[in-house]
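Chain and residue survey
Spelled out, the chains give:
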Amino acid sequence: MSLIHETPPTRSRARQRVQPTGVERTFGADEVIVTKTDLRGHITYANDVFLRVSGYGECEMIGQPHSMIRHPHMPRAVFKLLWDSVQSGKEIFAYVMNLASDGSHYWVLAHVTPSFDERGGIVGYHSNRRVPTRKALETVIPLYAQLRSVEGGHARAVDAAEAGQAALEAHLETLGQTYDEFVWSLNPEDGR
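Residues numbered from 1 in each chain as written. Predicted model: local features only at pLDDT ≥ 70, side-chain atom pairs only at ≥ 80, totals over all residues. Heavy atoms only, no water.

Describing the overall build of the protein chain
- In terms of regular secondary structure, the protein chain is built from seven helices and five strands.
- Across the protein chain, helices and strands are ordered from the amino to the carboxyl terminus as α-β-β-α-α-α-β-β-β-α-α-α.
- Evaluated residue by residue, the protein chain yields a buried proportion of 42% over its 192 residues.
- As displayed, the protein chain has an accessible area near 10600 Å², and 51% of this comes from carbon and sulfur atoms. (Helix = DSSP H or I, 4+ residues; strand = E, 2+ residues; numbered from the N terminus. Buried < 20%, exposed > 50% of the residue type's maximum accessible area, 1.4 Å probe, protein only. Areas by Shrake-Rupley, 256 points an atom, 1.4 Å probe, with all protein chains shown as cover.)

Quick word on the environment of A100
- By secondary structure assignment, the location of A100 is in the loop between β3 (92-99) and β4 (105-116).
- By relative accessible area, which is 0% here, A100 ends up buried.
- It is 9.5 Å that separates the C-alpha atoms of A100 and E24, two residues lying 76 residues apart in sequence.
- Excluding its chain neighbours within four sequence positions, the residues that come into contact with A100 are V18, R25, V53, S54, Y56 and Y106. (Contact = heavy atoms within 4.5 Å.)

A closer look at the confidence of the model for the protein chain
- Mean pLDDT over the protein chain: 89, with 89% of residues reaching 70 or higher.
- At the low end of the mean pLDDT range in the protein chain sits helix α1 (residues 12-15), at 56; at the high end sits strand β1 (residues 33-37), at 97.
- Overall, residues 1-9 carries pLDDT values under 50, and its contacts beyond four positions in sequence, including any with other chains, amount to one contact. (pLDDT = per-residue confidence, 0-100.)

Considerations on the packing of aromatic side chains
- Under the counting rule described, the total for this entry stands at four aromatic pairs.
- When the ring of W107 is compared with that of Y144, the centres are 6.0 Å apart and the planes differ by 40 degrees; the resulting orientation is tilted. Of the two residues, W107 sits in strand β4 while Y144 sits in helix α5 (residues 134-151), which places them 37 residues apart along the sequence.
- Taking relative accessible area as the criterion, Y144 reaches 3% and is therefore assigned buried.
- On the numbers, 6.2 Å between centres and 45 degrees between planes, the contact of Y179 with F182 is tilted. With a gap of three residues between them, Y179 and F182 both fall in helix α7 (residues 179-185), about one helical turn apart.
- Its relative accessible area of 9% is what places Y179 among the buried residues.
- A cation sits over an aromatic face here: K36 above Y45, 5.6 Å from the ring centre.
- Note that R70 overlies the ring of F79, its terminal NZ or CZ placed 3.8 Å from the centroid. (Phe/Tyr/Trp six-rings, centres within 6.5 Å; stacked < 30°, edge-to-face > 60°. Lys NZ or Arg CZ within 6 Å of the ring centre and 35° of its normal.)

A look at the pattern of salt bridges
- By the definition in use, this model includes six salt bridges.
- The closest approach of N and O atoms between E31 and R52, which form a salt bridge, is 2.8 Å. Linking E31 in the loop between α1 and β1 with R52 in helix α2 (residues 48-54), this pair joins segments that are 21 residues apart in sequence.
- A salt bridge links R40 to D38; its shortest N-O distance comes to 3.8 Å.
- Judged by its relative accessible area of 63%, R40 falls in the exposed class. (Salt bridge = Lys/Arg side-chain N within 4 Å of Asp/Glu carboxyl O.)

Looking at α5
- With 18 residues, α5 ought to run about 26 Å at 1.5 Å a step, and its terminal C-alpha atoms sit 25 Å apart, in line with that.
- The complete set of buried residues in α5 reads A136, L137, V140, L143, Y144, L147 and E151. (Expected span 1.5 Å × (residues − 1).)

Notes on the packing of helix α4 (residues 76-87) against helix α6 (residues 157-175)
- At a closest axis distance of 7 Å, the pairing of α4 and α6 adopts a crossing angle of 85 degrees. As judged from the angle between their axes, α4 and α6 are roughly perpendicular. Touching R76, A77, K80, L81 and D84 of α4 are A157, A160, A161, E162, G164, Q165 and L168, all from α6.
- Along the lines of polarity and charge, the residues of the contact of α4 with α6 split into six nonpolar, two polar and four charged. (Axes fitted to C-alpha atoms, helices over the stretch in contact; angles between N-to-C directions. Parallel < 35°, antiparallel > 145°, perpendicular 65-115°, else oblique. Nonpolar A, V, L, I, M, F, W, Y, C, P; charged D, E, K, R; others polar.)

Examining the pairing of β1
- For β1, the buried fraction is high: four of the five residues fall into the buried class.
- Note: β1 against strand β2 (residues 43-46), three bridges, orientation antiparallel. Note that in β2 the partner of T37 across the bridge is I43.
- Connecting β1 to the next strand, β2, in antiparallel fashion are five residues, including G41 with a positive phi near 85 degrees. (Pairing = 2+ DSSP bridges.)

Written as structure tokens, this is what we have:
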């Protein structure tokens, strides 16, 4: 009988900077990616769908900042809106492009909610993500490119996020919609 010695997975791969490849991956329309984080955004739970789609092992993800799957082509304004919402105790739906461990990307329609303790204090965040419709992405992708262009004119991350947020608010004002109304106007229940 031979023994196979495997090197246990480490967190080092999770900390490496992944370069986007431009290759898109997706997951089943009936699947849901689920993660939970603490108040700092560090992952405390990841389901099997998330691990498979992101390409990371559980031991690589638990304890790591959720931002490790942040795609560099995502506008900062969307994450600012997301954090502003959940930290104020509100839920939010948002279209997000994430970066997998091999550099591929995958789009999700994320539903992020704060988790509360028995006294009403926020103790963490819970995110469920589903496959967005291609029709929705036809609107989201050019808008996000526009926001990134605005943000690219600023050296400091905080200035870029604020400029992107102002551009997003201006866009929503021309539509006469809130961000939530915009997200749901993209008809996520239409055919994929």
